[in-house]
Amino acid sequence: MPRAQFSRIFMKNALSIDVEEYFQVVAFSSVIAQEDWDKMPSRVEKPTLLILEMLAERGIKATFFCLGWVAKKHPSLIRQIATKGHEIASHGVSHRPIYALSPQEFRKEAVESKKILEDLSGKEVKGFRASTYSITPKTTWALEMLAEAGYAYDSSIFPIHHDLYGFPQAPRYPFVFREYGLIEFPISTANLGKINIPVAGGGYFRLFPYTLTRYFLNKINQKENRPFVFYAHPWEFDPAQPRIKAPLKSRFRHYLNLSKTRKRFEKLLTDFSFASLEEVLESLKPLPEKSLRELTGGD
Ligand SMILES: [Zn+2]
């Protein structure tokens, strides 16, 4: 069998779902105050159950990065995800990006969300993903806190230039932060010479034609011989969600092609092999080590 085809069939990529409500995205934070979340109609359950169904049909296990806020409101949803054999990981509590939290607040969220999710799932929570991929060169202090809180890995670094997030000098593949023994699974990108572009989920999955996404992901698996991590949110599978009057850029990012997510996602599940982040990271050990100083150019 040609090598390219071999890796297409056997290379397991990581599949992640960030479980949060449609009104909790940071792009809407200027128009919806956190105090008002309780008054908003909840819609997280239905599309999450739809995703669980699509995965069950294909025997795929994924990682669900669950927001503590959602876990408190919908404990049975978290239990259902865990019962079906998926990995439960933490997406913090409040969905505030790290740069909007003090170190004390961040530590509290990292510890609290882990405890809530472990109590509900009955399993150790090993993974963390910050709201809005907000581990950037300015918030690296959070990495030590994650290690102290007992997390084995983080998946919050996006090695790109972006207005809200990004850590362009970070590696594109999983590695260990030497200082903390904490594994990082960076959000996957395509490398186009000097720049990396996001190709593995969220708004980019809805923006690019599926054939382009497939091309870039195939390149990661076949040419670079590496697994990618794909991410999606339940609200992306909910085209009927209420429209929020937000600035144009935020609306574009949030509502673009919502009706296309489901079909594209089904194609993706057919074209690639997937597993949880925990399983993929385990298969990659031993991982290369990088020091934070090396990445941030500090001394
Ligand atoms: Zn999120």
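Since this is a predicted model, take the numbers as computed values, not measurements.

Bringing the overall build of the chain into the picture now. For the chain, the helix and strand inventory stands at twelve helices and twelve strands. Dimensions of the chain, computed from C-alpha atoms along their principal axes, come out at roughly 55 × 45 × 40 Å. For the chain, the residues scored as buried account for 56% of the 299 residues in total. If you take every contact in the chain between residues at least 6 apart in sequence, the share linking residues at least 24 apart comes to 77%. Only carbon and sulfur atoms are counted for the fraction: they give 54% of the accessible area of the chain, which is about 13,200 Å². Taken together, the 42 basic and 33 acidic charged side chains of the chain have centroids lying 7 Å from each other.

This next bit is on the packing of helix 8 (residues 210-223) against helix 10 (residues 261-271). Contact geometry for helix 8 and helix 10: axes closest at 11 Å, N-to-C directions at 30°. Between helix 8 and helix 10, the crossing angle belongs to the class labelled roughly parallel. Pair helix 8 / helix 10 crosses with right-handed handedness. Facing helix 8, whose interface residues are Tyr210, Arg214 and Leu217, helix 10 presents Arg264, Lys267, Leu268 and Asp271.

In this section: the coordination of the zinc ion. At this site the zinc ion is bound by Glu20 (OE), His91 (NE2) and His95 (NE2), with donor distances of 2.0 to 2.1 Å. When the donors of the zinc ion are listed by position in the chain, the intervening gaps give E-x70-H-x3-H. Of this pair, Glu20 sits in the loop between strand 1 (12-19) and helix 2 (45-58) while His91 sits in the loop between strand 3 (87-90) and helix 5 (103-121), and the two are 71 residues apart along the sequence. Each member of the pair, Glu20 together with His91, is buried.

For Glu109, the location among the structural elements is in helix 5. Of the side chains bearing the opposite charge, Arg96 lies closest to the buried Glu109, which forms no salt bridge; the N-O distance is 4.6 Å. Aside from chain neighbours lying at most four places away, what touches Glu109 is Gly92, Val93, Ser94 and Leu101.

In an α-helix, one turn spans 3.6 residues, which is why side chains three or four residues apart end up on the same side. Looking at helix 9 (residues 248-255), one finds that the buried residues are Ser250, His254 and Tyr255. Taken down its axis, helix 9 places every buried residue within 105° of arc, on the same side. The exposed set on the far side of helix 9, more than 90 degrees from its buried face, consists of Leu248 and Lys249. For helix 9, the elements touching its buried residues are helix 7 (202-207).

Moving on: the pattern of salt bridges. Overall, the coordinates contain 18 salt bridges when judged by the stated rule. With a shortest N-O distance of 3.1 Å, Glu224 and Arg172 are connected by a salt bridge. Of this pair, Glu224 sits in the loop between helix 8 and strand 10 (229-232) while Arg172 sits in the loop between strand 5 (153-154) and strand 6 (175-177), and the two are 52 residues apart along the sequence. The class of Glu224 is partly exposed, set by a relative accessible area of 22%. Judged by its relative accessible area of 16%, Arg172 falls in the buried class. Where Glu236 meets Arg206, a salt bridge forms, and the shortest distance between an N and an O atom there is 2.6 Å. With Glu236 in the loop between strand 10 and helix 9 and Arg206 in helix 7, this pair connects stretches of sequence that are 30 residues apart. For Glu236, a relative accessible area of 2% corresponds to the buried category. Taken together, the salt bridges that share partners define one network made up of Arg178, Glu289 and Glu294.

Helix 6 (residues 141-148) packs onto helix 5 with a crossing angle of 35° between their chain directions and a minimal axis gap of 10 Å. Our pair here, helix 5 against helix 6, has a crossing hand that is right-handed. Side by side, helix 5 and helix 6 meet where Pro103, Phe106, Arg107 and Ala110 of the first sit next to Trp141, Ala142, Met145, Leu146 and Glu148 of the second. When its residues are assigned to classes, the contact of helix 5 with helix 6 shows seven nonpolar, no polar and two charged.

The subject of this paragraph is the nonpolar core. Generally speaking, nonpolar side chains in soluble globular proteins are found buried as a group. Counting 83 residues, the largest nonpolar core has Phe64, Phe230 and Phe265 as its most contacted members. With sequence-adjacent residues up to four places away left out, Phe64 is seen in contact with Ile17, Val19, Thr48, Ile51, Leu52, Leu55, Ile81, His86, Glu87, Ile88 and Ala89. Core analysis: the second largest hydrophobic core is formed by 13 residues, Ala14, Val229, Val280 and Leu281 among them.

About the thresholds
- Residues numbered from 1 in each chain as written.
- Predicted model: local features only at pLDDT ≥ 70, side-chain atom pairs only at ≥ 80, totals over all residues.
- Heavy atoms only, no water.
- Helix = DSSP H or I, 4+ residues; strand = E, 2+ residues; numbered from the N terminus.
- Buried < 20%, exposed > 50% of the residue type's maximum accessible area, 1.4 Å probe, protein only.
- Contact = heavy atoms within 4.5 Å.
- Areas by Shrake-Rupley, 256 points an atom, 1.4 Å probe, with all protein chains shown as cover.
- Lys, Arg positive; Asp, Glu negative; His and termini not counted.
- Charge placed at Lys NZ, Arg CZ, Asp CG, Glu CD.
- Axes fitted to C-alpha atoms, helices over the stretch in contact; angles between N-to-C directions.
- Parallel < 35°, antiparallel > 145°, perpendicular 65-115°, else oblique.
- Left-handed = near helix turned anticlockwise from the far one by under 90°.
- Donors = N, O, S within 2.8 Å, 3.2 Å for Na, K, Ca; no water.
- Salt bridge = Lys/Arg side-chain N within 4 Å of Asp/Glu carboxyl O.
- Arc of directions from axis to C-beta.
- Nonpolar A, V, L, I, M, F, W, Y, C, P; charged D, E, K, R; others polar.
- Core = buried A, V, L, I, M, F, W, Y, C linked by side-chain atoms within 4.5 Å.

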